[in-house]
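Summary of the model geometry
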Amino acid sequence: IRKLTRTEFFEVFMHTRSAAEKARIIDRLSHSVVHTHLQGICLESINGDELTMKLPYRKELVGNLETGATHGGALTVLLDHTLGTACICCDQIEAAITPTLDLRIDHLSVAPADKDIFAVARIYKVTRRILFAEGFAYCESRDRPIAKATGSWVLMPELRLSELLLSTEASVQQ
């Protein structure tokens, strides 16, 4: 038995997708998850295995009318969706359904009024069935996060993401 070269190993076991391909998958996924679509959460950038998504400031998402601060629930949705979606940017797995198993969010400060919120995430460990992600949310500077999050997502390779997106598109067209 011959050993695989590093290149052969990655071709066989890794599922490298271009940033453009990842962006297409994320865009389709974001439109099929109703609560993220309604909040306007969208892809901001993909930089290698790091994903950044944006929650545009909207008055209907304000949780404190006196300060204009975005509701903590909207921030939770943004972080949950961003960390979960980071699985698509992980080249160690094929794009698959990854429901949230556990999510911890430390709220460090309040998002200022009239500011978009950005969430950054990456997968830091992959096991046979679990993906571990970490990330943070910020408004004005990555150096001043308003929240930090860690969590785990269940890898469900038997449920192909591509098939789900196709069936979602078909049901929307009907």
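Residues numbered from 1 in each chain as written. Predicted model: local features only at pLDDT ≥ 70, side-chain atom pairs only at ≥ 80, totals over all residues. Heavy atoms only, no water.

We now examine helix α2 (residues 19–32). Over its 14 residues, α2 runs 20 Å from end to end, which matches the ideal 20 Å to within 8%, given 1.5 Å per residue. Of the residues making up α2, those classed as buried are Lys22, Ile25, Ile26, Leu29 and Ser30. For α2, the angular spread of buried residues about the axis comes to 130 degrees, placing them on one side. (Helix = DSSP H or I, 4+ residues; strand = E, 2+ residues; numbered from the N terminus. Expected span 1.5 Å × (residues − 1). Buried < 20%, exposed > 50% of the residue type's maximum accessible area, 1.4 Å probe, protein only. Arc of directions from axis to C-beta.)

Turning next to the environment of Val62. Within the secondary structure, Val62 is located in strand β3 (residues 62–64). By relative accessible area, which is 18% here, Val62 ends up buried. Along the chain, Val62 and Ala113 lie 51 residues apart, while their C-alpha atoms are 8.4 Å from each other. Those residues in contact with Val62 that sit more than four places away from it in its chain are Tyr57, Gly68, Ala69, Thr70 and His71. (Contact = heavy atoms within 4.5 Å.)

Note that Lys22 resides in helix α2. Not counting chain neighbours up to four residues away, the residues in contact with Lys22 comprise Arg17, Ile46, Gly48, Ile88, Cys89 and Asp91.

With that settled, consider the pattern of salt bridges. Applying the stated rule across the entire model yields seven salt bridges. One salt bridge connects Arg58 with Glu60, and the closest N-O pair in it is separated by 2.6 Å. Using a relative accessible area of 24% as the deciding quantity, one classes Arg58 as partly exposed. Among the ionic contacts, a cluster of salt bridges with common partners joins Lys115, Glu140 and Arg144. (Salt bridge = Lys/Arg side-chain N within 4 Å of Asp/Glu carboxyl O.)

Our focus in this paragraph is the sheet that holds strand β1 (residues 42–47). A sheet is described by the order of its strands in space; here six strands give the open sequence β1-β2-β7-β8-β9-β6, paired in antiparallel fashion. Each edge of the open sheet carries a strand with a single partner, namely β1 and β6 (100–107). Strand after strand, the sheet turns through a mean of 20 degrees between neighbouring axes, direction not considered. Sheet analysis places strand β7 (residues 117–126) next to strand β8 (residues 130–138), joined by eight bridges and oriented antiparallel. Bridge assignment links Val120 to a residue of β8, and that residue is Phe136. Against the sheet, α2 engages β1 and β2 (50–55), with an angle of about 155 degrees to β1. Each of β1, β2, β6, β7, β8 and β9 (147–154) touches helix α4 (residues 72–89); the most contacted strand, β7, lies at about 40 degrees to it. (Pairing = 2+ DSSP bridges. Axes fitted to C-alpha atoms, helices over the stretch in contact; angles between N-to-C directions.)

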